[in-house]
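Fold and contact review
Here is what each chain is made of, one letter per residue.
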Amino acid sequence: MAKGLQVGTGSSTVAYENLGRRRKQFVYVPVLRLNSMAQSQVRLGGLLLQHQYGEIVENVGAFLAAKGSFTLKDIAEGTKLGMNEVKKALCVLIQHNMMDFERNRRGILEYTIHINKVLFVTRYPRYIYCAKTLYGDVGEFLVEELLSHGQMLMSQVCRRVSERITQALEGQSVDELKVRKTFVELVETHFLQRVAAPPSDSADKEDEETELQIKEKEMFLIPPAMDIDYGKVNPTVSSSGKRKREDGEEGDKVAKRPRSTSPLSDEKNEDAPDKGVYWHINFTRFHQFFRDQAVLSALNSKIDRYACEIVRTMLRVSEKTTVPLAPTTHPMSSHEIFQSLPPELDLNRQTLGEYLTLLAEDKTEIVNKAGESGGGMYILNMQKALETLCKASIESVVQERFGSKCSRIFRLLLMKRHLEQKQVEDMAMIPAKEAKELLYKLFSENFVTMQEIPKTPDHAPSRTFYLFGINMHQVSRMLLDRCYKAMGNLISRREHENTENRRLVEKSQRVDAISASLQSSGADTTQMSEVEEMITPPERQQLNKLKHDINKLEQSELQLDETIFLLESYLPGSEAMVLY
C-alpha cells in the first residue's frame, strides 16, 4: 500500500497518510487569513465577551470568529477546553443570539458565530437610553432585562420588571398590566420580536419556504394568553396578569414557583401561559431609528425645524411600504405627505411645496423628485444622507489629525473628485511646496488615492498625468478599522485601571456601606467622621482621579460607537470605486 494518497479537488490538494495498521482520521481545517479589519473585530469581540461573559466564552467565541464554522468536537480540540465547558459557552452565545448552528453534509451540527452581533455589546447603553426616551422607565427596564438575558418569555420579563420597579419605588406596587402594555407597544413598533425556531430537518425546499413565510408573519404576534385584554375573557387571570388563588393548593403552587432568569435555566416554565414563545431585541429596528435620528439632526442644524419635521413625516409614511434599512424609500406624493403632517406644525400646501423643492435641489440629494403626479412624487435617499454624514465625519478626522490646510485639500478633492497637484495648489491657495507636502502626507496615510493616466504606452513619468482623488469606500473601511482598534484600546485601558485600583475601590465600597448603615441607625457626626477618616487624603485623591479617568474613557467609548455605527451603516450600500 502506498504511503501517501493525494486527493485533488480543483486547485487544492489534501494529503492523507496511512500510519500502519492504526488508521487515523485526518480533518482538513481551512486556515482563514483575516484582513486587518477582521483582526480588529476579533480582538474587540474577544474583549467584549471576556468582560461580559468570562474567559471561557471569550476563548470559544474568538476561536470561531478567527477560524470559521466548526463542530463541537473540533471546538473543544481547538480551544483545549473540556467538552462541558464548551457546551456551556455555546449555550451562552446561542442564548444571546450571537451564534447560529446548522447540520453539515455528514449530519453533524456546526456552530458559527456572528462577530457583528458580538460588537453590538458596545451599543447596549444606547439601546437602553433609546427605550427610556420613547417608552419611559418601564421600556428601559424591559430592554435592559432582555439585553442581560438574551431571550425571555413575555410573562417572565414582565414579572421581573414589575418586581424591580416595585423595589425601586420602595414598596409601592406597580400593576403588571402597565408593564405588559409597554411590552406590546415595543412589539407593535418592532423593537422586540420573537426568537425564530431552529429550521427543521425536512429536505423539501417548498416546505422550508412555507415554514419561513409563516415564521416571518408570526415574528410580531403576541400570544393570545398574554394579550392585555385576556383577563377580561378569562376569569382565572387578574388584571395584573397573575393567576388568582381560587383554592389553597393552587395558591401554594403559585407562591412557591421559583423565578427564572433565562430560558436555558433549570426551570422549564411549564405553567407559563406563553410557554415556548421567547422574545429578544430587534437590533435592526433600533439601528433604523438611530440612522433616522442622525439624518434628522443633520437636517435640523443645516436647514431648520420645519424641514426636519417634513422628512420625519416622510420616514413615518414610508415605514409601511419600505424594507428596514433600505437605501431608498418608495415614492410618496406631496398630497400624502401633507395629509400626514402633524397638526401642530401648521404648514399649508404652498409652504410644504417650497420646502420639498428646497430639499430636492439641495446638493446632499437626501430628497429626490421622482415624478409630477399627485402634486409631485418624492423619495428619500438614505444612502446619500449617510454618505453626507460620513464625509462630514471623515473631514473632522482630517481636521483634527492634519490641520485646517489638509482639511481644505480634502474638501476640495471631495468637490472636484480628481485634480492634479498643480490644480490643488492653485485652488486651495496654498504655497506649492507646502501643498505638495500636505498632499503626499494624506496620500501616505491612505486618505487620498492617485491615478496614473499615461499619454504614451511606455508610462514615462514626464508624459503621464497624476490625478489625486478620494475613494470614500476605501477611506471609510480604513477609518472603521482604526475605530475598532481604538475601541479595543479604550476597553483594555479601562479594565487595566479597574484592576490596578481594585483594592482601593473595594475599600471605598466597604467604607460607604458602613457609613450608610450608621446613617440609617442614627449615628452621630463623630462616628461618621471617624469612618470617613478611614480613607486617607491621598487615597481619596486617587479615587477621584480614577473616577474621572473611567468617566472619560466611557464617554470616549460612547462617542466612538457613534462613528462606528455611522460607518457600518454607510459601507454596505457604498461602491468600492474612486469617485469620478
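Residues numbered from 1 in each chain as written. Predicted model: local features only at pLDDT ≥ 70, side-chain atom pairs only at ≥ 80, totals over all residues. Heavy atoms only, no water.

Using the following cut-off: UniProt positions are given in the numbering used here, feature names are shortened, and annotations may be inferred rather than shown by experiment.
Looking at an unreviewed UniProt entry, the chain carries the name DNA-directed RNA polymerase III subunit RPC3, with the source organism given as Branchiostoma lanceolatum. For the chain, the Function (unreviewed entry) comment in UniProt is given as "DNA-dependent RNA polymerase catalyzes the transcription of DNA into RNA using the four ribonucleoside triphosphates as substrates. Specific core component of RNA polymerase III which synthesizes small RNAs, such as 5S rRNA and tRNAs."

**Concerning the overall build of the chain**
Note the threshold: Only DSSP runs of H or I reaching four residues or more are called helices, and only runs of E reaching two or more are called strands; each is numbered from the N terminus. The contact criterion used throughout is that any non-hydrogen atoms of two residues lie within 4.5 Å. Per-residue accessibility takes into account occlusion by the displayed protein chains alone, with areas from the Shrake-Rupley method and a 1.4 Å probe.
Helix and strand content of the chain: 23 helices and 14 strands. Intrachain contacts of the chain at a sequence separation of at least 6 include 63% that bridge at least 24 residues. Working note: accessible area of the chain is about 34,000 Å², and carbon and sulfur atoms make up 51% of it.

**Structural notes on the sheet that holds strand β6 (residues 152-153)**
Heads up, the rule is: Pairing between strands is defined by DSSP: at least two bridges between the two strands are required. Axis lines are fitted through C-alpha atoms, for helices just across the contact stretch, and the angle between N-to-C directions can take any value from 0 to 180 degrees.
Read from one edge to the other, the open sheet built from three strands follows the order β6-β8-β7, with strand pairing classed as antiparallel. Whereas interior strands pair on both sides, the edge strands pair on one side only; in this sheet they are β6 and β7 (192-194). In the sheet, β7 pairs with strand β8 (residues 278-281) via three bridges, with the strands oriented antiparallel. The residue bridging arginine 194 from the neighbouring strand is tryptophan 279, located in β8. Lying over the sheet, helix α6 (residues 124-149) contacts β6, β7 and β8, oriented at roughly 100 degrees with respect to β8.

**Remarks on the sheet that holds strand β11 (residues 377-380)**
The three strands are arranged β9-β11-β10 in an open sheet whose pairing can be described as antiparallel. Lying at the two open borders of the sheet, with one neighbouring strand each, are β9 (332-333) and β10 (367-371). Judged from the two bridges that link them, β9 and β11 form a sheet pairing that is antiparallel. Counterpart to methionine 332 in the pairing with β11 is tyrosine 378.

**Describing the nonpolar core**
For the record, the criterion: Among the buried residues, those of types Ala, Val, Leu, Ile, Met, Phe, Trp, Tyr and Cys that are joined through side-chain atoms within 4.5 Å form a nonpolar core. Accessible area is worked out with a 1.4 Å probe on protein chains only. A residue is then buried under 20% of its type maximum, exposed over 50%, and partly exposed in between.
By size, the foremost hydrophobic cluster in this structure holds 129 residues, and its most contacted members are Leu64 and Phe183. Considering every element that reaches this core, the biggest residue donor is α6, with 12 residues. The residues touching phenylalanine 183, leaving out its near neighbours within four places in the chain, are Leu142, Leu146, Met154, Val157, Cys158, Leu192 and Trp279. Listed in part, the five residues of the second largest apolar core include Val511, Val531, Ile535 and Leu543.

**Looking at the environment of serine 492**
The topology assignment puts serine 492 in helix α20 (residues 472-500). Separated by 441 residues in the primary sequence, serine 492 and histidine 51 have C-alpha atoms spaced 9.9 Å apart. When near neighbours in sequence (up to four residues on either side) are disregarded, serine 492 contacts Arg43 and Leu47.

**Some words on unusual backbone geometry**
With phi around 65 degrees, leucine 325 is a residue other than glycine that occupies positive phi space. By the element assignment, leucine 325 lies in the loop between α13 (305-318) and β9. In this structure, asparagine 446 is a non-glycine residue whose phi angle is positive, near 70 degrees. Asparagine 446 sits in the partly exposed class, given a relative accessible area of 39%.

**Examining the packing of α20 against helix α23 (residues 537-570)**
The criterion, for reference: Any angle between 65 and 115 degrees counts as roughly perpendicular, while under 35 counts as roughly parallel, over 145 as roughly antiparallel, and the rest as oblique. Two helices cross in a left-handed way if the nearer one is turned anticlockwise from the farther one by less than a right angle. They cross in a right-handed way if the turn is clockwise.
Packing of α20 against α23 leaves a shortest axis separation of 9 Å and a crossing angle of 155 degrees. It follows from the interaxial angle that α20 and α23 lie roughly antiparallel. Between α20 and α23 lies a crossing of left-handed hand.

**Structural notes on α20**
The periodicity of an α-helix, 3.6 residues per turn, causes residues three or four positions apart to be oriented the same way. In plain terms, the rule: Helix span is expected to be 1.5 Å times the residue number reduced by one. Two N or O atoms count as a polar contact when they lie within 3.5 Å, although within protein this holds only if one can serve as hydrogen donor and the other as acceptor, and sequence-adjacent residues are included solely when both atoms are side-chain atoms.
Helix length check: α20, at 29 residues, gives a terminal C-alpha distance of 41 Å against a target of 42 Å (1.5 Å per residue), a fit within 8%. The opening residue of α20 is asparagine 471, an N-cap whose side-chain oxygen sits 3.2 Å from the backbone nitrogen of histidine 473.

**Quick notes on the pattern of salt bridges**
Put simply, the rule is: Only one rule defines a salt bridge in this text: a Lys or Arg side-chain nitrogen within 4 Å of an Asp or Glu carboxyl oxygen.
Under the counting rule described, the total for this entry stands at 25 salt bridges. Put simply, aspartate 362 and lysine 302 hold a salt bridge, and the shortest N to O gap is 3.0 Å. Here lysine 302 lies in helix α12 (residues 283-302) and aspartate 362 lies in the loop between α15 (349-361) and β10, a separation of 60 residues in the sequence. Residue classification places aspartate 362 among the buried positions, given a relative accessible area of 18%. Among the salt bridges present, the one from arginine 494 reaches glutamate 495, with a minimum N-O distance of 3.8 Å. On the accessibility criterion, arginine 494 (10% relative accessible area) is buried. Exposure remark for glutamate 495: the relative accessible area of 28% places this residue in the partly exposed category. Through salt bridges with shared partners, a single network forms among Arg123, Arg126, Asp561 and Glu568.

**Things to note about the packing of helix α18 (residues 421-428) against helix α19 (residues 432-444)**
Interaxial distance between α18 and α19 falls to 9 Å at its minimum, and their mutual angle equals 115 degrees. When the axis of α18 is compared with that of α19, the two are roughly perpendicular. The interaxial crossing formed by α18 with α19 has right-handed handedness. Seen from α18, the contacting residues are Gln421, Val424 and Glu425; seen from α19, they are Ala432, Ala435, Lys436, Leu439 and Tyr440.

**What to know about the packing of aromatic side chains**
Remark: the centre distance and the inter-plane angle together describe each pair of aromatic rings, the angle taken between the planes. Defined as follows: For Phe, Tyr and Trp, rings pair up if their centres lie within 6.5 Å, where Trp contributes its six-membered ring, and each pair is then called stacked (planes under 30 degrees apart), edge-to-face (over 60) or tilted (otherwise).
Summed over the entire model, instances satisfying the criterion amount to 17 aromatic pairs. When the centroid spacing of 5.2 Å and the interplanar angle of 40 degrees are considered together, the rings of phenylalanine 63 and phenylalanine 70 count as tilted. Exposure remark for phenylalanine 63: the relative accessible area of 15% places this residue in the buried category. With a centroid separation of 5.6 Å and an interplanar angle of 90 degrees, the aromatic rings of phenylalanine 183 and tryptophan 279 are classed as edge-to-face. In this pair, phenylalanine 183 is assigned in helix α8 (residues 176-188) and tryptophan 279 in strand β8, connecting sequence segments 96 residues apart. We note that phenylalanine 183, like tryptophan 279, is buried. The structure contains a cluster of three or more aromatic residues connected by ring pairs, namely Phe120, Tyr124, Tyr127, Tyr135, Phe191, Phe283, Phe286, Phe289, Phe290 and Phe565.

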